[in-house]
Amino acid sequence: MATPTLEKTGSAAQASPYITVTFRVRRFNPEVSAEATWQDFQVEIDPKERVLDGLHKIKWDLDGSLTFRRSCAHGICGSDAMRINGKNRLACKTLIKDINPEKPITVEPIKGLTVLKDLVVDMEPFFQAYRDVMPFLITKGNEPTRERLQSAEDRERFDDTTKCILCAACTSSCPVFWNDGQYFGPAAIVNAHRFIFDSRDEAGEQRLEILNDKDGVWRCRTTFNCTDACPRGIEVTKAIQEVKRALITRRF
Amino acid sequence: MSAETTPAVSDNDISLYDVDNPAPVIEAPRKRTKKTPKATRTNFEMYGWLFMRLSGIVLVVLVLGHLLIQLVLDGGVSKIGFAFVAGRWASPFWQAWDLIMLWLAMLHGANGLRTVINDYAERDNTRFWLKMLLYTATVFTVLLGTLVIFTFDPNIR
Ligand code: HEM
Ligand code: SF4
Ligand code: FES
């Protein structure tokens, strides 16, 4: 089944950039078995290609039943966060050469969310936490006739957290979230931060109150897994601490 | 998906599951839904978090000082006996030191374990009873310790 379908002529082999990489993929198909198993695939691939390209080769040439999400393939849509060699990353932003192709590359679904099939997880609890922090602009009074202006410094205040693509790499790397899905998780806090510190928004107090509750920011244990995981380079842990500080300084 | 989706790992025996009868998925622990969690609107967790940091700072002095006096200085652990304890508790300063250390360490440790229970106990019932056990043990130890510090009698026989 793991027969390479790529035809190669002997003479071209020397100049070819292709190497053989083993992809060790965590497979789960409830229509076949209740057990998840590891399956190895040998793939001929250029090390400058990405893990997502490897998964495509498997799906298109070796085993059409391999199931995973991807859309943009360029680090924008946030569909393909997965656990690659034990770390949460986007398959479309992870180059083969950067993760030691000598050894098998393990690919698993992200943790803490229900696995539905192969690498596809149920994102609903994740998006529920996102919705629960009200991630939209809330204002009072009349609609202005032109843009809501903001100084460059005011914009800078929450610049980092505007970059989130809701991939769930951070939340599914958090040990508190693995054990208790009631915790809001880093991604929801990042997206609350984006509005709490926006000078144009007027519901910061309300969002702070939501995150002050028992499953909010106080459950964060500062493990920094989220900052390490974020494919957008957002300083997630720092954003969470800024929300904590806002909660404390608003009372004392 | 194409019809050619033969299972990746085909066991030789007949599978229990098929398209109309899929295997149960493994649910994530304590999943968030539209209805959970319920809002409590108190500052309890914030004060708990602050207390851990503030008591931690004080405990560094109290606990390290305690360990130094008990185990290192003046002949180390072998000097500890009834007379040594009686001698120290004759001074209100050491009484106060030990009382504050008892309360802070117990409340700090109890709140820390509460965090651990919140993290690891999955079912609501388990959480409730583990916390009841924790609170009972904490109250018992704090009260007993306080009683001993205040009623200690060096002339007891
Ligand atoms: C020596 C000075 C101490 C300092 C500076 C300190 C500091 C801290 C801090 C800041 C936390 C919160 C960690 C977090 O939220 O992630 C914590 C947790 C904890 N502390 Fe202490 N502590 C000290 C002594 C003690 C003592 C004497 C005990 C036992 C009675 C204790 C038991 C715990 C427990 C059980 C936790 C929870 C563990 C966890 O959150 O994973 N600590 N400590
Ligand atoms: S903060 Fe980063 S890791 Fe978390 S969901 Fe947003 S983009 Fe993904
Ligand atoms: S496929 Fe869109 S982020 Fe990777």
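As the structure is a computational prediction, the values presented were derived from the model and not from experiment. (Residues numbered from 1 in each chain as written. Chains lettered and ligands numbered in written order. Predicted model: local features only at pLDDT ≥ 70, side-chain atom pairs only at ≥ 80, totals over all residues. Heavy atoms only, no water.)

Taken together, Arg221 of chain A together with Met52, Arg53, Gly56, Leu59, Val60, Ala105, His108, Gly109, Gly112 and Leu113 of chain B make up the full set of residues near ligand 1. Residue neighbours of ligand 1 fall on chains A and B, so the site bridges chains. Contact distances for ligand 1 include 2.8 Å between an oxygen atom and a side-chain N or O atom of Arg221 of chain A. Separating an oxygen atom of ligand 1 from a side-chain N or O atom of Arg53 of chain B is a distance of 2.7 Å. Here the residues of the shell around ligand 1 sort into 5 nonpolar, 4 polar and 2 charged. (Near = heavy atom within 4 Å. Polar contact = N/O pair within 3.5 Å; in protein donor to acceptor, adjacent residues only side chain to side chain. Nonpolar A, V, L, I, M, F, W, Y, C, P; charged D, E, K, R; others polar.)

Residue and element names in this part refer to chain A. On strand β4 (residues 87–90), burial follows the alternation: Asn88 and Leu90 on one face are buried, whereas Lys87 and Arg89 on the facing-out side are not. Pairing of strand β3 (residues 81–84) with β4, which is carried by 4 bridges, proceeds in the antiparallel orientation. If you follow Met82 over to β4, its bridge partner there is Arg89. Connecting β3 to the next strand, β4, in antiparallel fashion are 2 residues, including Asn85 with a positive phi near 50°. (Buried < 20%, exposed > 50% of the residue type's maximum accessible area, 1.4 Å probe, protein only. Helix = DSSP H or I, 4+ residues; strand = E, 2+ residues; numbered from the N terminus. Pairing = 2+ DSSP bridges.)

Taken together, the contacts link 41 residues of chain B with 45 residues of chain A. Overall, the association of chain B and chain A removes approximately 3700 Å² of surface from exposure, summing both partners, and the carbon and sulfur fraction of that is 54%. The interface formed by chain B and chain A includes 5 salt bridges. Here Arg32 of chain B ties to Asp132 of chain A by a salt bridge, and the two come within 2.7 Å at their closest N and O atoms. For the pair chain B and chain A, the interface holds 17 residue pairs in polar contact (both at pLDDT 80 or more). Elements represented by at least two residues in the side of chain B that touches chain A include exactly α1 (44–72) and α3 (92–120) of chain B. The element best represented in the side of chain B that touches chain A is α1 of chain B, accounting for 5 residues. Partitioned by chemical class, the residues of the side of chain B that touches chain A number 20 nonpolar, 10 polar and 11 charged. (Contact = heavy atoms within 4.5 Å. Buried area = accessible area lost by both parts, 1.4 Å probe. Salt bridge = Lys/Arg side-chain N within 4 Å of Asp/Glu carboxyl O.)

With that settled, consider the domain arrangement of chain A. Residues and elements named next belong to chain A. The domain architecture assigned to chain A consists of domain 1 (14–121) and domain 2 (124–249). Between domain 1 and domain 2, the C-alpha centre-to-centre distance is 29 Å. Facing 13 residues of domain 1, the contacting portion of domain 2 comprises 14 residues. Here domain 1 packs against domain 2, burying approximately 1100 Å² in sum over the two surfaces, 61% of which is carbon and sulfur. Three residues, Asn88, Lys111 and Leu113, lead the burial of domain 1 against domain 2; their summed loss comes to 42% of the area buried on that side. Across the domain 1-domain 2 interface, the total number found is 0 salt bridges. Our enumeration of links across domain 1 and domain 2 arrives at 3 residue pairs in polar contact (both at pLDDT 80 or more). Sorting the residues of the side of domain 1 that touches domain 2 by element identifies β3 and β4 as the ones contributing at least two each. Partitioning the side of domain 1 that touches domain 2 into residue classes produces 6 nonpolar, 4 polar and 3 charged. (Domains from an automatic or database assignment.)

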